[in-house]
Amino acid sequence: MNQFLAGGILRNLLAGMVAVVMAVVMVPVTAQDQKAEALKMDRSKILSQPGVFGVFTTYKWLPEWYELPLSERMDYVSRVMELIKKHEDSVLVDVYLTAGLGGRSDFFFRIHSLELAKVQTFLREFRQTAIGKHVEVLDTLIGVTKPLNYITKERLPELYAGLASATYTGDVPRYAIVIPVKKSAEWWNLSFDQRLVEMKAHTLSTLGYMGSIKRKLYHSTGLDDADFITYFETSDLIAFNNLLTSLASIPENRYHVRWGDPITLGTILGPEKVVRVLAE
Amino acid sequence: MNQFLAGGILRNLLAGMVAVVMAVVMVPVTAQDQKAEALKMDRSKILSQPGVFGVFTTYKWLPEWYELPLSERMDYVSRVMELIKKHEDSVLVDVYLTAGLGGRSDFFFRIHSLELAKVQTFLREFRQTAIGKHVEVLDTLIGVTKPLNYITKERLPELYAGLASATYTGDVPRYAIVIPVKKSAEWWNLSFDQRLVEMKAHTLSTLGYMGSIKRKLYHSTGLDDADFITYFETSDLIAFNNLLTSLASIPENRYHVRWGDPITLGTILGPEKVVRVLAE
Amino acid sequence: MNQFLAGGILRNLLAGMVAVVMAVVMVPVTAQDQKAEALKMDRSKILSQPGVFGVFTTYKWLPEWYELPLSERMDYVSRVMELIKKHEDSVLVDVYLTAGLGGRSDFFFRIHSLELAKVQTFLREFRQTAIGKHVEVLDTLIGVTKPLNYITKERLPELYAGLASATYTGDVPRYAIVIPVKKSAEWWNLSFDQRLVEMKAHTLSTLGYMGSIKRKLYHSTGLDDADFITYFETSDLIAFNNLLTSLASIPENRYHVRWGDPITLGTILGPEKVVRVLAE
Amino acid sequence: MNQFLAGGILRNLLAGMVAVVMAVVMVPVTAQDQKAEALKMDRSKILSQPGVFGVFTTYKWLPEWYELPLSERMDYVSRVMELIKKHEDSVLVDVYLTAGLGGRSDFFFRIHSLELAKVQTFLREFRQTAIGKHVEVLDTLIGVTKPLNYITKERLPELYAGLASATYTGDVPRYAIVIPVKKSAEWWNLSFDQRLVEMKAHTLSTLGYMGSIKRKLYHSTGLDDADFITYFETSDLIAFNNLLTSLASIPENRYHVRWGDPITLGTILGPEKVVRVLAE
Amino acid sequence: MNQFLAGGILRNLLAGMVAVVMAVVMVPVTAQDQKAEALKMDRSKILSQPGVFGVFTTYKWLPEWYELPLSERMDYVSRVMELIKKHEDSVLVDVYLTAGLGGRSDFFFRIHSLELAKVQTFLREFRQTAIGKHVEVLDTLIGVTKPLNYITKERLPELYAGLASATYTGDVPRYAIVIPVKKSAEWWNLSFDQRLVEMKAHTLSTLGYMGSIKRKLYHSTGLDDADFITYFETSDLIAFNNLLTSLASIPENRYHVRWGDPITLGTILGPEKVVRVLAE
């Protein structure tokens, strides 16, 4: 049989199948969801454990997006929310709005998972949605969480205690900032003790800001073109500017070959806001 | 009900709704405006206070823009002016024309607000306008104003007095120039007193130009990929070239890792000119 | 109904269908295939010999791709699989999925051949396929395999033995990482013995990871803008992050002028998975 | 039949035609022209005075341009010539063809004016023409002419005399080259006398080439991302290559942080050639 | 007369004229060709003389190209071959296929001429062809050949003799590699004798490869953003990788500020192959 003919038949067959299967599959969705509910990851655990992968992926709307009527866009965002729900047993997805603030980007996802391949599965399905077809990927950062390696209880009990007791006391944070970091060969060739001295100074610089700024660290060496992804949440951007100026003023800064480039600043979209705000 | 069908119905319903609501909303605009008028920010205050966010966002027309008839373009610009008016209680928007002068860009906004999220709200609504759909975002810079931190009355009374008495005596400025600045780790690791010495030299270099050049400083560290946004207004570009050459010739310049890149030069569009000039 | 909710069941059904239909379509190809079968390269040989060219070429789907129905896309991927089969006597093609993980890219090929021109012939025919018409080339890296030049049996018998006995004991690797490397003029101007000292330290840093990470080296100087292409396979990305951090911490890192930029991380698609996964 | 083989004859015929038709079209313009004629700037003055702004703006045809019939393109170029004429009392426009030579660009304008805003006005009207709608802006450089600041009559009478007596003796120049220059903080922090030493060496390197190469300098610090725009005209590109190699070989070159990037080389289009050559 | 009306009439007149003239011109093509034949440049002379300009211009197919039927594409390539023939008295054009190997590019031209303006004329006519309308220009390099300036018979008779006697003995080369080179201010500020020492080492490193690798040098300083274009032909890419590694290992490499970036590798298309291979 001619391959092109075969292709045609294959196409028709598959097209028909898809229609049938989709009709059938509609029913058990809730059942499947219930199971997902049972399995879904505990947010507070996933955000505090080591060994969790974090993927930051930044998008820009294609110009066509703005041509769609608002109702259609809201509908499309709703589908993405369903997709997020569908995958909630394997990936935890947060959405941030960068439009107007984050350079050329419009929004980004922060996705946590114990398995990087699950993040890929989610993102591939996302690209198949109407929204996924209306965006351009600008950037992707990949990191993994690890236990604290410098400021430990044994090594620096006082500083560790300071860190442990310094808790966030601000409002629910409205802004998130993502800053990739790459350090020079000189940094990595320092002895552990030399790096410990610098990280002590680093930690001291941050202590005073921990009441108003949350932070989280991902290790990236070899997974993307950074060594770390530093993630911050705050409602007080002036305090944040002071913190970063303070971090610029310690010797550790001499070892940065990348610090930002880009810095991505966005507003945090709670699940209840995503559909309305992202679609607008 | 099938979601695709639901999408269709939802779309129609919402589309109808939007039409109705917009018709209704148009009427009370003046009422709403009056309230806004009462609340709207005092321009001279917002431009002189610390703690004010400044966002610079640069645009390029998509090729389709030039295909629209002039009347339609003027109409579209008018809508943006209405949007600016609508938001005037929370954001102060200035418009600058860079077409032909500012690299690939065509115009930029400088937006001031006490709250960065309000700037995002305005810019998202802007993207929904006919103009917002005909532009590409080239760049965004974010900074915040702070009190003078080097040349204070207590520390350097004479220089401070010199600054205070040096007032702009030129014509209404026609040109604005935006220059992002990033300083090296070496700079930030200097002691405050060492940096003070350099900033004294910096200030002395500028004193002679303050009659013909206005300037304003925004702090950016951690908010975007610069440390400062320096903003200038002048009608005397030769004096400006002399000032910048003078600033290049002092030791502070050794600590610049970014100075411009890009420098953006535009003409200042007073509100009365925006519609005609931007649309043309 | 949402087709993504139905993903699991749909996938299984389609996978079965494709197997059947492909079996049908394959019929007229057999004669030609048998000849190819006889000539085709021995995979394990080609992957272990010196003098073999390796080309890494990274693609991004054009937006139109996502508009095609799934059945059509699966059909198109099948054609590429046939093309790979057609050329199997001269090129060995591996496919990797980077969508969601590898920056802006969606997938990449790693192609081995004894003759670089054969790779070009294959890639030109690939560009003529429906898929080739729906992708943009993002990057190409070209290298060639060579015998070990530092750690040889004669020179460093113990280390050589360590390398020889350290075999991969992990699961079938799920991830591949490609990292281009360029070394400074200072490196290349070191004496051979000085470089040998550094490469000994390099090798010692890697020994402990060889049970969980596979690696392969291609020489690129003059063939593209890197000196080496380093290729890794693993299922343990945390071990991989540790290995690369370890390699950052030895003096050799001081001689890197390029290390990544970009790092490309993808999942390995075995032949049985390519059609289904790539098309989705 | 291949239209390019016919190029020579076709060109001659068309050139004649255009002359005739343009003569016809020009009639109703004369009154307006006469006024312009009276006001228009003196070319030799504007090219020799200090305090004159020079804007270099580089364009690339959009792919659609090549789809237009030649006659239409010639018509469109004629309109631009009329626009240039219309503005001749405020801006002096030169046109250069870079197609095939200047990287990705196709042509550039060099525009002189006593007022930068007038250049913007002209360029905005240009963007409204049919040609302006068929181009993409690649780059813009802005500078201003100033009196000689190093080699003056008082300071270095002999060298000054050498410069004054070295006049261009070559053919009408066919090529123009534009090279932006940025100098390091180290340069600008040298004392004036140290810089004078270097500029003396610079000038001595150029003296021997002034018979075959014309040059002109624009100061850019603060107006764009360069410190200078150096502009050259010549018919002897080998001499030009020798001159630039000679300038690379003096200490001043150690202070270049940008020298070119891009260098733009084009052929000079006299007014009589613009319509025919640019449109082709 | 209204200019727009005049435009319309002009358009119609010219459109008619072109049709007529093109029909007429068809006939004398062969006559014109015969004259060209007589004048055409001697390939071996043009490739060995100093004072010859070399332009390297790299292209990428626009996506539309792949949509055209093969017969149409072959026809279009044939037209380009005719154009090359038409200009053979002034420019010598070689074609190279980089698709799949040369980063994002698909093919490049190397064009020699005694006059740079002739190259521009050819390339402008090329852009008017159907192929020229289906490509994007990625890069252009411009250089000129000069007599050997370091290794001369008088200065280094032995090395010169070595160079003279080392002739290419390999197969007809299948691959070409283009590597732009830029050297630092430190290099250019070395004395001639110091540079001679380095170039002696350079030449000694290459001698052993001259049997398998051909090379040619173009000087670019001031003509584009490189100092040299180095061009190589070979059938032995492993030897080429060894040669370039060898050149990386001598002190001269310390003076490279650009070496490649990009390196462009392509297969050499003899005239008999261009139409078939380029069109495919």
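Conventions adopted
- Residues numbered from 1 in each chain as written.
- Chains lettered and ligands numbered in written order.
- Predicted model: local features only at pLDDT ≥ 70, side-chain atom pairs only at ≥ 80, totals over all residues.
- Heavy atoms only, no water.
- Helix = DSSP H or I, 4+ residues; strand = E, 2+ residues; numbered from the N terminus.
- Buried < 20%, exposed > 50% of the residue type's maximum accessible area, 1.4 Å probe, protein only.
- Areas by Shrake-Rupley, 256 points an atom, 1.4 Å probe, with all protein chains shown as cover.
- Salt bridge = Lys/Arg side-chain N within 4 Å of Asp/Glu carboxyl O.
- Contact = heavy atoms within 4.5 Å.
- Patch = residues over 30% accessible without salt bridge, like charges linked within 9 Å, V, L, I, M, F, W, Y side chains within 5 Å.
- Lys, Arg positive; Asp, Glu negative; His and termini not counted.
- Charge placed at Lys NZ, Arg CZ, Asp CG, Glu CD.
- 1 Å grid on protein atoms, 1.4 Å probe; cavity = no way out; pocket = protein on both sides within 12 Å on 5 of 7 lines; lining within 4 Å.
- Points joined across faces, edges and corners; volume = space filled by probe spheres on them.
- Nonpolar A, V, L, I, M, F, W, Y, C, P; charged D, E, K, R; others polar.
- Phe/Tyr/Trp six-rings, centres within 6.5 Å; stacked < 30°, edge-to-face > 60°.
- Lys NZ or Arg CZ within 6 Å of the ring centre and 35° of its normal.
- Buried area = accessible area lost by both parts, 1.4 Å probe.
- Least-squares fit on C-alpha atoms with pLDDT ≥ 70 in both.
- Axes fitted to C-alpha atoms, helices over the stretch in contact; angles between N-to-C directions.
- Left-handed = near helix turned anticlockwise from the far one by under 90°.
- Pairing = 2+ DSSP bridges.
- Core = buried A, V, L, I, M, F, W, Y, C linked by side-chain atoms within 4.5 Å.
- Expected span 1.5 Å × (residues − 1).
- pLDDT = per-residue confidence, 0-100.

(A) The arrangement of the overall build of chain A in detail. The helix and strand inventory of chain A stands at 10 helices and 9 strands. The burial tally for chain A puts 57% of its 280 residues in the buried class. For chain A, the computed accessible surface area is about 11300 Å², with 58% contributed by carbon and sulfur atoms.

(B) Representation of the pattern of salt bridges in the model. Here the structure, examined in full by the defined rule, presents 55 salt bridges over all chains. The partner of Glu 186 of chain D in a salt bridge is Arg 254 of chain B, and the shortest N-O contact between them spans 3.7 Å. Of this pair, Glu 186 of chain D sits in helix 7 (residues 185-189) while Arg 254 of chain B sits in the loop between helix 9 (237-248) and strand 8 (256-259), each in a different chain. Look at Glu 186 of chain D and you get partly exposed, because its relative accessible area is 39%. The partner of Lys 183 of chain E in a salt bridge is Glu 252 of chain E, with the nearest N and O atoms 2.7 Å apart. You can see Lys 183 of chain E sitting in strand 5 (residues 175-183) and its partner Glu 252 of chain E sitting in the loop between helix 9 (237-248) and strand 8 (256-259), a full 69 residues away along the chain. A residue is classified by how much of its surface remains accessible, and Glu 252 of chain E, at 4% relative accessible area, is buried. Beyond isolated ion pairs, a larger network of salt bridges with shared partners links Arg 43, Asp 94, Arg 110 and Glu 233 of chain A.

(C) A look at the environment of Asn 149 of chain C. All names here are of chain C. Assignment of secondary structure puts Asn 149 in the loop between strand 4 (135-144) and helix 6 (157-165). When its relative accessible area of 38% is taken as the criterion, Asn 149 is described as partly exposed. Sequence spacing of Asn 149 and Leu 196 is 47 residues, and the spatial spacing of their C-alpha atoms is 9.2 Å. Excluding residues within four positions of it along the chain, Asn 149 makes contact with Arg 155, Phe 192 and His 219.

(D) Fine view of a negative patch on the surface. A grouping of Glu 64 and Glu 67 of chain A, Glu 64 and Glu 67 of chain B together with Glu 64 and Glu 67 of chain C is seen on the molecular surface, where their side chains present a negatively charged patch. In this structure, Glu 64 of chain C sits in the loop between strand 1 (53-61) and helix 4 (70-86). Glu 64 of chain C gets classed as partly exposed once you look at its relative accessible area, which sits at 42%.

(E) Layout of empty space enclosed by the protein. Of the voids in this model, the largest cavity is the one considered here, and its volume is about 150 Å³. Along the wall of the largest cavity there are 15 residues; nearest its centre are Arg 127 and Val 137 of chain C together with Ala 99, Gly 100 and Asp 106 of chain E. Elements supplying a minimum of two residues to the lining of the largest cavity: strand 1, helix 5 (116-128) and strand 4 of chain C. Taken together, the residues of the lining of the largest cavity break down into 4 nonpolar, 5 polar and 6 charged. Elements with a minimum of two residues in the lining of the second largest cavity: strand 1 (53-61), helix 5 (116-128) and strand 4 (135-144) of chain A.

(F) Just the packing of aromatic side chains, in detail. Counted under the stated rule, the structure contains 85 aromatic pairs over all chains. For the ring pair Phe 232 of chain E and Phe 240 of chain E, a centre distance of 5.1 Å and an interplane angle of 65° mean the geometry is edge-to-face. An aromatic cluster of at least three residues, connected via ring pairs, comprises Tyr 59, Trp 61, Trp 65, Phe 107, Phe 109, Phe 122 and Phe 126 of chain A. A cation over an aromatic ring shows up here: Arg 110 of chain D above the ring of Tyr 231 of chain D, its NZ or CZ 3.9 Å from the ring centre. Its end group placed over the ring of Trp 187 of chain D, Lys 183 of chain D keeps NZ or CZ at 3.9 Å from the ring centre.

(G) Quick peek at the interface of chain B and chain A. Each side of the interface is counted separately: chain B has 35 residues, and chain A has 42 residues. The junction of chain B with chain A conceals about 3600 Å² of combined surface from both sides, 54% of it contributed by carbon and sulfur atoms. Summed over the shared surface of chain B and chain A, the number is 3 salt bridges. Of all the elements in the fold, those that place two or more residues in the side of chain B that touches chain A are helix 1 (3-26), strand 1 (53-61), helix 5 (116-128), strand 4 (135-144) and helix 7 (185-188) of chain B. A total of 7 residues in the side of chain B that touches chain A trace back to one element, the largest contributor, which is helix 5 of chain B. Split by residue class, the side of chain B that touches chain A holds 15 nonpolar, 11 polar and 9 charged.

(H) Quick peek at the relation of the copies chain B and chain A. Once chain B is rotated about the relating axis by 72° and shifted along it by 0.0 Å, it coincides with chain A to within an RMSD of 0.0 Å. Look at the turn and shift together and you get a five-fold axis relating the two. The C-alpha atom lying nearest the rotation axis in chain B is that of Val 257 of chain B; the distance is 10 Å.

(I) Structural context of the environment of Leu 278 of chain A. Its place among the elements puts Leu 278 of chain A in helix 10 (residues 271-279). The class for Leu 278 of chain A is buried, based on a relative accessible area of 5%.

(J) Inspection of the packing of helix 6 (residues 157-165) of chain D against helix 8 (residues 192-207) of chain D at higher detail. Residue and element names in this part refer to chain D. Between helix 6 and helix 8, the shortest axis-to-axis distance is 11 Å and the interhelical angle comes to 35°. Between helix 6 and helix 8 lies a crossing of left-handed hand. Packed against helix 6, whose contacting residues are Leu 159, Gly 162 and Leu 163, the element helix 8 presents Lys 200, Thr 203, Leu 204 and Leu 207 at the interface. Tallied by class, the residues present in the contact of helix 6 with helix 8 amount to 4 nonpolar, 2 polar and 1 charged.

(K) Structural view of the environment of Thr 121 of chain D. Tracing the chain through its elements places Thr 121 of chain D in helix 5 (residues 116-128). Thr 121 of chain D sits 30 residues away from Val 91 of chain D along the chain, and the two C-alpha atoms are 9.6 Å apart.

(L) Highlighting a positive patch on the surface. A contiguous patch of positive charge on the surface is contributed by Arg 104 of chain A, Arg 104 of chain B, Arg 104 of chain C, Arg 104 of chain D together with Arg 104 of chain E. Secondary-structure assignment places Arg 104 of chain B in the loop between strand 2 (92-97) and strand 3 (107-113).

(M) Quick look at the pairing of strand 9 (residues 264-269) of chain A. All names here are of chain A. Across the 6 residues that make up strand 9, a large majority, 5, are buried. Looking at chain direction, strand 2 (residues 92-97) and strand 9 are connected through 3 bridges and run antiparallel. Bridged to Leu 97 within strand 9 is Thr 267. The sheet contact formed by strand 5 (residues 175-183) and strand 9 spans 4 bridges and is antiparallel.

(N) Layout of the nonpolar core. Counting 349 residues, the largest nonpolar core has Phe 109 of chain A, Phe 109 of chain B, Phe 109 of chain C, Phe 109 of chain D together with Phe 109 of chain E as its most contacted members. For this core, the leading source of residues is helix 4 of chain C, giving 8 residues. In contact with Phe 109 of chain C, other than residues within four places in its own chain, are Val 55, Phe 56, Thr 57, Tyr 59, Val 80, Val 93, Asp 94, Val 95, Phe 122, Leu 123 and Phe 126 of chain C.

(O) A look at helix 8 of chain D. Taking 1.5 Å of rise per residue, the 16 residues of helix 8 of chain D would be expected to cover 22 Å, and the 22 Å separating its terminal C-alpha atoms lies within 8% of that figure. Buried residues along helix 8 of chain D sit in contact with helix 6, strand 5 (175-183), helix 7, strand 6 (213-219) and helix 9 (237-248) of chain D.

(P) Quick look at unusual backbone geometry. Here Asp 261 of chain A and Pro 262 of chain A are connected by a cis peptide whose omega angle stands at 10°. Looking at the secondary structure, you find Pro 262 of chain A in the loop between strand 8 (256-259) and strand 9. With a phi angle near 55°, Asp 261 of chain D is a residue other than glycine that sits in the positive phi range. Tracing the sequence through the fold places Asp 261 of chain D in the loop between strand 8 (256-259) and strand 9 (264-269). The class for Asp 261 of chain D is exposed, based on a relative accessible area of 57%.

(Q) Representation of the packing of helix 4 of chain C against helix 10 (residues 271-279) of chain C in the model. All names here are of chain C. Where helix 4 meets helix 10, the axes come as close as 8 Å, and the angle between the chain directions of the two elements is 145°. In terms of crossing hand, the pair formed by helix 4 and helix 10 is right-handed. Contacts between helix 4 and helix 10 involve Leu 70, Arg 73, Met 74, Val 77, Ser 78 and Met 81 from the first element and Pro 271, Val 274, Val 275, Arg 276, Leu 278 and Ala 279 from the second. Considered class by class, the residues forming the contact of helix 4 with helix 10 number 9 nonpolar, 1 polar and 2 charged.

(R) Main features of the side chain of Ser 220 of chain E. Looking at the element boundaries, Ser 220 of chain E is found in the loop between strand 6 (213-219) and strand 7 (228-234). The class of Ser 220 of chain E is buried, set by a relative accessible area of 0%. With sequence-adjacent residues up to four places away left out, Ser 220 of chain E is seen in contact with Asn 241 of chain D together with Ile 142, Gly 143, Ala 226, Asp 227, Phe 228 and Ile 229 of chain E.

(S) Expanded view of helix 4 of chain C. For helix 4 of chain C, with 17 residues, the first-to-last C-alpha span of 24 Å sits near the 24 Å given by 1.5 Å per residue. Counting buried positions along helix 4 of chain C yields 15 of 17 residues, so the element is predominantly enclosed.

(T) Quick peek at the confidence of the model for chain A. Looking at chain A, pLDDT values average 87 and 86% of them are 70 or higher. When the criterion is pLDDT under 50, residues 1-39 of chain A qualifies, and its contacts beyond four places in sequence or with other chains add up to 48 contacts.

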